[in-house]
Amino acid sequence: MSNSKVRILALYLPQFHPIPENDVWWGKGFTEWTNVGKAKPLFKGHYQPRVPADLGYYDLRLPESRIAQAELAKEHGIEGFCYWHYWFGNGKQLLERPFNEVLKSGQPNFPFCLAWANHSWEDKLFNKEGSKLLLIKQEYPGEADHLMHFNAVLPAFKDMRYIRVDNKPLFLIHDPMGVPDLALFIANWQKWAKANGLLGIHFVAHAFKVSQFEYLKNKGFDAVNLLRLFDFVKREYSWIERLYNKTSRIIFGRGLFTDYTIASKYFHGLEDAEETVYPTIIPNWDHSPRSGRRLNNLYNSTPEAFQRHAEQVIQYVSQKSDQHKIIFLKSWNEWAEGNYMEPDLKFGRKYLEALKRAIHKNDSV
């Protein structure tokens with residue numbers, strides 16, 4: 001990584017391998033590919049199902065798959081993967097095998113960090129009533145669990161590949177507002193990090209509003225990762241249209257399908273230029289493999305439209321100090337959300353190439 005280059009960190013889903021819990025909940029052998037493969041187009045021109053190209057229907061238990069992913073990401077300007085990390089309290093983890101094998105084996109030799117996906121898992125059923133069935137609950141048992149959690153991730157923090165900001169390992173928390181003893185949690189981890197030879201931890205809060213950052217900063221966060229995925233709903237549609245959409249979802253189980261070129265206008269903003277704001281770039285969003293028509297989805301995403309969006313966000317961060325030129329890429333491989341950079345049969349590597357052009361365009365300025 002050159003000192004001037006933006007730091008693209010790609011969120012990484014480790015769901016592509018079977019686990020006993022998913023076998024019970026969804027059927028023997030379930031992985032994310034199950035929903036991806038059975039998706040159907042919901043209107044003329046709707047791009048479904050989506051079929052992987054270069055990497056195929058991979059299994060993340062295979063080191064060859066993980067190495068191929070890293071090589072592809074590195075080739076196109078991505079600094080590292082930000083692995084979703086599932087810690088439900090009392091030592092309970094899920095989907096930890098791929099990352100644990102990356103850590104233990106030393107391969108791929110590609111930078112990484114962790115993002116705590118601290119939320120319960122629910123079978124939302126995605127019916128008209130929107131009913132939910134709790135599969136596993138996110139719990140916060142207290143200080144003893146803080147220490148157990150810290151010790152579980154400490155070997156990763158000490159790994160030479162771990163992504164650092166100001167010489168501190170970066171740790172993202174998906175739902176900071178959901179942690180009941182947030183300030184204590186952060187204070188404990190900072191204390192234990194220093195006791196274990198680290199300078200501290202660079203805590204990043206996932207947030208939907210920049211106004212939340214003052215509160216989060218007071219709890220001990222160093223930066224906020226802004227996600228504006230659905231800002232277009234409030235900013236593009238009138239209150240009458242939003243009311244109609246809400247009613248349609250409740251009565252008919254139908255969300256909005258919006259053109260990506262319209263929605264992506266609202267994926268970024270002036271706040272992204274602030275030193276402690278790490279913005280998000282989004283190649284697409286189509287949740288229909290999981291939810292059918294129920295949730296808001298995007299269509300007509302193209303590599304060219306994504307490149308324009310990426311260039312705008314890169315411009316916002318280009319004047320920051322080198323360490324803080326961070327952009328989160330949502331996502332590397334969220335295939336069942338239509339939210340991925342990996343090659344597919346329709347576009348090949350064009351989204352990756354678009355990102356690489358956007359990065360190089362900024363470097364040449």
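Structure: see above.
Residues numbered from 1 in each chain as written. Predicted model: local features only at pLDDT ≥ 70, side-chain atom pairs only at ≥ 80, totals over all residues. Heavy atoms only, no water.

Q: Give a description of helix α6 (residues 182-195) that names residues and reports values.
A: Helical geometry note: an α-helix holds 3.6 residues per turn, so side chains three or four residues apart project in the same direction. The end-to-end C-alpha distance of α6, which contains 14 residues, comes to 20 Å, matching closely the 20 Å that a straight helix rising 1.5 Å per residue would cover. All of the buried residues along α6 are Leu 182, Phe 185, Ile 186, Asn 188, Trp 189, Gln 190, Trp 192 and Ala 193. Positioned one or two residues after α6, Gly 197 has a phi angle of 90 degrees, which is positive. (Helix = DSSP H or I, 4+ residues; strand = E, 2+ residues; numbered from the N terminus. Expected span 1.5 Å × (residues − 1). Buried < 20%, exposed > 50% of the residue type's maximum accessible area, 1.4 Å probe, protein only.)

Q: Which residues make up the side chain of His 206, and what are the values?
A: By the secondary structure assignment, His 206 is in strand β9 (residues 202-207). His 206 gets classed as buried once you look at its relative accessible area, which sits at 9%. Separated by 3.0 Å, the side chains of His 206 and Asn 225 make a polar contact. Discounting chain neighbours no more than four positions away, the residues touching His 206 are Leu 172, Ile 173, His 174, Pro 176, Asn 225 and Leu 227. (Polar contact = N/O pair within 3.5 Å; in protein donor to acceptor, adjacent residues only side chain to side chain. Contact = heavy atoms within 4.5 Å.)

Q: Could you give an account of the layout of surface pockets, with specific residues and numbers?
A: Approximately 410 Å³ is the volume found for the second largest pocket. In terms of lining, the second largest pocket is formed by 15 residues, of which the most central are Phe 208, Lys 209, Phe 230, Asp 231 and Lys 234. No other element matches helix α8 (residues 231-236), which puts 4 residues into the lining of the second largest pocket. Residue composition of the lining of the second largest pocket, by class: 7 nonpolar, 2 polar and 6 charged. (1 Å grid on protein atoms, 1.4 Å probe; cavity = no way out; pocket = protein on both sides within 12 Å on 5 of 7 lines; lining within 4 Å. Points joined across faces, edges and corners; volume = space filled by probe spheres on them. Nonpolar A, V, L, I, M, F, W, Y, C, P; charged D, E, K, R; others polar.)

Q: Account for the packing of helix α5 (residues 143-157) against α6, with residues named and values stated.
A: Axis separation between α5 and α6 bottoms out at 10 Å; the angle between their running directions is 45 degrees. Between α5 and α6, the angle is such that the two are oblique. Both α5 and α6 take part in a crossing whose hand is right-handed. Residues Glu 143, His 146, Leu 147, His 149, Phe 150, Val 153 and Phe 157 of α5 form the contact with α6, whose participating residues are Leu 184, Phe 185, Asn 188, Trp 189, Trp 192 and Ala 193. Its residues placed into classes, the contact of α5 with α6 shows 9 nonpolar, 3 polar and 1 charged. (Axes fitted to C-alpha atoms, helices over the stretch in contact; angles between N-to-C directions. Parallel < 35°, antiparallel > 145°, perpendicular 65-115°, else oblique. Left-handed = near helix turned anticlockwise from the far one by under 90°.)

Q: Help me get a handle on the pairing of strand β8 (residues 168-173), residues and values and all.
A: Consecutive side chains along a regular strand alternate between the two faces of the sheet. For β8, the tally of buried residues reaches 5 of 6 residues, placing the bulk of the element in the interior. The sheet contact formed by strand β4 (residues 112-116) and β8 spans 3 bridges and is parallel. What sits directly across from Trp 116, in β8, is Ile 173. Bridging between strand β7 (residues 164-165) and β8 involves 2 bridges; their strand directions are antiparallel. The partner of Arg 164 across the bridge, within β8, is Pro 169. Taking the residues that link successive antiparallel strands as the turn, the β7-β8 hairpin has 2 residues, and the phi of Asp 166 there is positive, at about 55 degrees. The parallel pair β8 and β9, bridged by α6, forms a crossover whose chirality is right-handed. (Pairing = 2+ DSSP bridges. Right-handed = clockwise from strand over helix to strand, strands pointing away.)

Q: Requested: an account of the environment of Ala 53, with residues and values cited.
A: Relative to the assigned elements, Ala 53 resides in the loop between α2 (32-38) and α3 (63-75). Its relative accessible area of 25% is what places Ala 53 among the partly exposed residues. Among residues more than four places away in sequence, those in contact with Ala 53 are Pro 343, Asp 344 and Leu 345.

Q: Before we move on, can you summarise helix α4 (residues 97-105) with the specific residues and values?
A: Within the span of α4, buried status applies to Pro 98, Phe 99, Val 102 and Leu 103. Viewed along the axis of α4, the buried residues span an arc of 135 degrees, placing them on a single side of the element. Those residues of α4 that are buried are in contact with α3, β2 (80-87), β4 and α5. Just downstream of α4 lies Gly 106, where phi reads positive at about 80 degrees. (Arc of directions from axis to C-beta.)

Q: Explain the side chain of Lys 330 to me, and be specific about the residues and the numbers.
A: Assignment of secondary structure puts Lys 330 in the loop between β15 (326-329) and β16 (333-334). Buried Lys 330, no salt bridge; nearest opposite-charge side chain is Glu 337, N-O distance 4.2 Å. Ignoring any residue separated from it by four or fewer positions in sequence, one finds Lys 330 in contact with Leu 11, Leu 227, Leu 229, Thr 280, Ile 281, Ile 282, Pro 283, Trp 285, Glu 337 and Asn 339. (Lys, Arg positive; Asp, Glu negative; His and termini not counted. Salt bridge = Lys/Arg side-chain N within 4 Å of Asp/Glu carboxyl O.)

Q: Requested: an account of the nonpolar core, with residues and values cited.
A: By size, the foremost hydrophobic cluster in this structure holds 109 residues, and its most contacted members are Ile 78, Phe 171, Trp 189, Phe 328 and Trp 332. The residues touching Trp 332, leaving out its near neighbours within four places in the chain, are Ala 10, Leu 11, Tyr 12, Gln 69, Leu 72, Ala 73, Ile 78, Phe 81, Tyr 340, Met 341, Glu 342 and Leu 352. (Core = buried A, V, L, I, M, F, W, Y, C linked by side-chain atoms within 4.5 Å.)

The values are spatial; any link to function lies outside them.
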